[in-house]
There are 2 protein chains.
Amino acid sequence: MSKSAAKRLLPKVPDLPGASRRQQYSQSTKRALVEAALEQFSERGYAATSLDAIVAQAAVTKGALYHHFTGKQALFEAVFERIESEAAADIAASVKGVKDPWEKSLVGLRAFLEVVQQPTYRRIVMQEGPAVLGYERFREQEERTSFAIVLDVVHGVLATGAWELDQPMVETFSRIFFGALASAGESVSGAEDAEAASARVEAAIGFLLLGLRKLIDDGVAFADPVGDKS
Amino acid sequence: MSKSAAKRLLPKVPDLPGASRRQQYSQSTKRALVEAALEQFSERGYAATSLDAIVAQAAVTKGALYHHFTGKQALFEAVFERIESEAAADIAASVKGVKDPWEKSLVGLRAFLEVVQQPTYRRIVMQEGPAVLGYERFREQEERTSFAIVLDVVHGVLATGAWELDQPMVETFSRIFFGALASAGESVSGAEDAEAASARVEAAIGFLLLGLRKLIDDGVAFADPVGDKS
DNA sequence: TCACTCACATACCGTTGGTACGTACTCACA
DNA sequence: TGTGAGTACGTACCAACGGTATGTGAGTGA
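Keep in mind that what you see is a predicted model, and the values were worked out from it rather than measured.

Draft legend 1. Fine view of the overall build of chain A. Broken down by element type, chain A carries 10 helices and zero strands. Secondary structure elements of chain A occur, N-terminal to C-terminal, as α-α-α-α-α-α-α-α-α-α. For chain A, the spread of C-alpha atoms along the principal axes amounts to about 80 × 40 × 30 Å. Buried residues in chain A amount to 48% of all 230 residues. Excluding contacts between residues fewer than 6 apart, the proportion of contacts in chain A whose partners are at least 24 apart in sequence is 66%. About 11700 Å² of surface is accessible on chain A, with carbon and sulfur atoms providing 52% of the total. Here chain A holds 26 positive side-chain charges and 31 negative ones, and the gap between their average locations is 11 Å.

Structure (structure tokens):
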């Protein structure tokens with residue numbers, strides 16, 4: 001056995017023009033690790049994926065992994081953040097130009113149902129996410145991405161009412177819709193006819209939104225059990 | 001070291017009067033294993049609890065564990081089923097006598113919010129469940145317990161409408177409400193003031209149900225995008 | 001060019017889930 | 001009341017895994 005056999009295969013072309021060669025190489029291996037982990041985690045799941053398999057696919061060793069990340073969970077978190085931010089960007093882009101709150105909610109709903117049908121998003125974010133990160137960290141991540149969009153949309157819808165809701169009450173409504181979307185999304189991606197299932201979800205949530213709108217348009221008051229309503 | 005030191009401490013009193021002593025002892029150790037696992041899993045989580053810790057608390061060895069269960073996951077599944085069935089029984093009992101579908105939904109909502117505040121249920125069923133069992137097996141379990149109740153309640157509510165919905169459409173509505181309940185429940189159990197959070201959730205979902213009722217009472221038609229409506 | 005540092009590679013460790021096998025106890029049947 | 005068989009475990013062990021300590025060569029700034 002020679003000193004060190006066949007390592008350092010040629011890295012990607014420099015993608016950070018302002019950085020030194022060392023930094024470019026470093027970023028390259030880090031990206032390779034995240035991509036390999038993303039593939040393995042989404043295929044086999046977190047627990048069933050070994051670090052050896054990840055570093056083998058990334059063509060590095062565990063030394064490199066532990067140089068860039070503090071451990072397996074941190075690597076997962078990097079994967080999670082990437083998937084989540086991409087998905088949130090997709091949804092945010094779709095509702096970008098829409099002005100009317102009710103139409104905005106429907107457009108956002110469709111975009112979310114699109115995202116949640118991606119196997120990778122489903123597995124990494126919705127399935128493994130809460131268990132691997134712990135519910136607290138999972139929620140912190142979502143708070144800044146997907147949930148923030150839902151919060152924005154729901155706030156817009158509820159603001160069409162004559163009465164005002166305080167922040168906790170808007171968040172409660174958003175949590176409810178967020179959970180509904182998540183569960184509905186899972187049922188869509190798990191269905192044999194995803195097209196039909198997606199249409200059903202859209203119709204059902206649309207109907208709920210219609211009911212909400214009717215209450216608001218008819219001037220039905222919402223009784224906040226906690227907040228002080230002036 | 002003597003041959004076998006201090007084993008076989010006196011088991012529980014016979015709890016299966018019709019069974020033989022062997023079967024009683026066997027059931028006793030099996031129950032001890034499930035109870036120890038329940039405690040450990042709900043405190044430390046699935047991945048962080050070792051089988052050694054479980055068998056130590058149950059005062060048996062791994063031989064006993066692998067005699068009764070095929071592995072760690074099967075043991076978790078036993079714990080899961082127990083928690084789930086107890087919770088479902090609680091909720092089912094609360095909505096038992098209620099006739100009016102709308103009141104039934106509100107009563108069931110309160111019962112579910114009660115259940116979901118139990119740390120054990122939250123951790124075992126909602127957090128670790130999907131990841132450990134896999135989403136498919138998780139869903140199979142829920143299908144027979146909690147979700148079945150939601151399905152029943154939602155079916156009752158939707159049946160007050162003039163139009164009829166086919167089974168997939170009712171299931172879609174139920175999935176949506178189930179997800180909403182789950183997410184809302186988590187936000188309740190994670191809140192610092194659980195009382196206020198619970199009241200908010202109840203008000204919000206109650207408002208959504210009120211909107212649904214208004215649509216139905218006003219005779220607004222629901223357009224099923226898939227099912228053939230005669 | 002030369003010391004220094006960063007980005008890894010290598011070798012190793014403790015713990016874990018799981019297995020193979022031995023053994024004490026129970027129970028039907030003589 | 002023995003006695004063989006089978007059950008219900010206990011004991012010893014293994015392979016695989018996540019993680020760590022340490023070595024090392026290429027890249028960088030002087």
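Draft legend 2. Quick peek at the protein's contact with DNA strand D. If you check the shell around DNA strand D, you find 23 residues, and the closest are Lys62 and Tyr66 of chain A together with Arg22, Thr29 and Thr61 of chain B. For DNA strand D, the fraction of protein-proximal atoms (within 4 Å) that sit in sugar or phosphate groups is 68%. Between DNA strand D and the protein, one listed contact pairs a phosphate oxygen with a side-chain N or O atom of Tyr66 of chain A at 2.7 Å. Put simply, the parts of the chain that give the surface near DNA strand D at least two residues each are helix H1 (21-44) and helix H3 (62-68) of chain A together with helix H1 (21-44) and helix H3 (62-68) of chain B. The element best represented in the surface near DNA strand D is H3 of chain B, accounting for four residues.

Draft legend 3. How the structure looks around the protein's contact with DNA strand C. With respect to spatial proximity, 21 residues lie near DNA strand C, and among them Arg22, Thr29 and Thr61 of chain A together with Lys62 and Tyr66 of chain B are the closest. Protein-proximal atoms of DNA strand C, defined as those within 4 Å of the protein, fall in sugar or phosphate at a share of 68%. Within the side chain of Lys62 of chain B, an N or O atom sits 2.6 Å from a base oxygen of DNA strand C. Those elements that provide at least two residues to the surface near DNA strand C are H1 and H3 of chain A together with H1 and H3 of chain B. Along the lines of polarity and charge, the residues of the surface near DNA strand C split into four nonpolar, 10 polar and seven charged.

Draft legend 4. Examining the pattern of salt bridges more closely. One pass over the full model with this rule turns up 20 salt bridges over all chains. Of the charged contacts, one joins Arg137 of chain A and Glu77 of chain A as a salt bridge, the two residues approaching to 2.3 Å between their closest N and O atoms. Placement of Arg137 of chain A in helix H7 (residues 135-143) and of Glu77 of chain A in helix H4 (residues 72-94) is noted, with a sequence separation of 60 residues between them. According to the relative accessible area criterion, Arg137 of chain A is partly exposed, its value standing at 32%. The closest approach of N and O atoms between Arg213 of chain B and Asp217 of chain B, which form a salt bridge, is 3.8 Å. Placement of both Arg213 of chain B and Asp217 of chain B in helix H10 (residues 194-217) is noted, with a separation of four residues, approximately one turn of the helix. With relative accessibility at 34%, the residue Arg213 of chain B sits in the partly exposed group. A residue is classified by how much of its surface remains accessible, and Asp217 of chain B, at 56% relative accessible area, is exposed.

Draft legend 5. Quick look at the relation of the copies chain A and chain B. Take chain A, turn it by 180 degrees, move it 0.0 Å along the axis, and it overlays chain B with an RMSD of 0.1 Å. What we have between these two chains is a two-fold relation. Of the interface residues in chain A, 100% have counterparts in chain B that sit at the interface too, so the contact is made through matching surfaces.

Draft legend 6. Structural view of the UniProt feature "DNA-binding region" (unreviewed entry) in chain A. With numbering matched to this structure, UniProt assigns "DNA-binding region" (unreviewed entry) to residues 50-69 of chain A. Within the segment residues 50-69 of chain A, helix and strand shares are 70% and 0% respectively, and the terminal C-alpha atoms sit 15 Å apart.

Draft legend 7. Focus on the domain arrangement of chain A. All names here are of chain A. When cut into domains, chain A gives domain 1 (17-69) and domain 2 (79-218). Relative to domain 2, the C-alpha centre of domain 1 lies at a distance of 31 Å. A buried area of about 770 Å², summed over both sides, lies between domain 1 and domain 2, and 69% of it is on carbon and sulfur atoms. Together, Leu38, Ser42 and Tyr46 form the three largest contributors to the area buried by domain 1 at its contact with domain 2, with a combined 55%. Along the contact surface separating domain 1 from domain 2 lie two residue pairs in polar contact (both at pLDDT 80 or more).

Draft legend 8. Representation of the side chain of Ser174 of chain A within the structure. Residue and element names in this part refer to chain A. Inspection of the secondary structure puts Ser174 in helix H9 (residues 167-190). Residue Ser174 is classed as buried on the basis of its relative accessible area, which comes to 0%. Apart from the residues lying within four places of it in its own chain, the contact partners of Ser174 are Phe147, Val150, Leu151 and Val154.

Draft legend 9. Looking closely at the side chain of Arg139 of chain A. If you trace the backbone, Arg139 of chain A turns up in helix H7. No salt bridge is formed by the buried Arg139 of chain A; the nearest opposite charge belongs to Glu143 of chain A, separated by 4.0 Å. If sequence neighbours within four positions are ignored, Arg139 of chain A has contacts with Arg175 of chain A together with Glu186 and Ser187 of chain B.

Draft legend 10. The arrangement of the interface of chain A and chain B in detail. Every contact between the two is made by 44 residues of chain A and, on the other side, 44 residues of chain B. In total, chain A and chain B occlude about 3900 Å² of area from one another, counting both sides; carbon and sulfur atoms represent 76% of this. Interface area lost by chain A to chain B is led by Arg200, Phe207 and Leu208 of chain A, which between them contribute 19%. Across the contact surface, chain A and chain B share two salt bridges. Applying the counting rule to chain A against chain B returns six residue pairs in polar contact (both at pLDDT 80 or more). In terms of residue count, helix H10 (residues 194-217) of chain A provides more of the side of chain A that touches chain B than any other element does, 14 residues in total. Broken down by class, the residue content of the side of chain A that touches chain B amounts to 28 nonpolar, seven polar and nine charged.

The rules behind each value
- Residues numbered from 1 in each chain as written.
- Chains lettered and ligands numbered in written order.
- Predicted model: local features only at pLDDT ≥ 70, side-chain atom pairs only at ≥ 80, totals over all residues.
- Heavy atoms only, no water.
- Helix = DSSP H or I, 4+ residues; strand = E, 2+ residues; numbered from the N terminus.
- Buried < 20%, exposed > 50% of the residue type's maximum accessible area, 1.4 Å probe, protein only.
- Contact = heavy atoms within 4.5 Å.
- Areas by Shrake-Rupley, 256 points an atom, 1.4 Å probe, with all protein chains shown as cover.
- Lys, Arg positive; Asp, Glu negative; His and termini not counted.
- Charge placed at Lys NZ, Arg CZ, Asp CG, Glu CD.
- Near = heavy atom within 4 Å.
- Polar contact = N/O pair within 3.5 Å; in protein donor to acceptor, adjacent residues only side chain to side chain.
- Nonpolar A, V, L, I, M, F, W, Y, C, P; charged D, E, K, R; others polar.
- Salt bridge = Lys/Arg side-chain N within 4 Å of Asp/Glu carboxyl O.
- Least-squares fit on C-alpha atoms with pLDDT ≥ 70 in both.
- UniProt positions renumbered as here; feature names shortened; annotations may be inferred.
- Domains from an automatic or database assignment.
- Buried area = accessible area lost by both parts, 1.4 Å probe.

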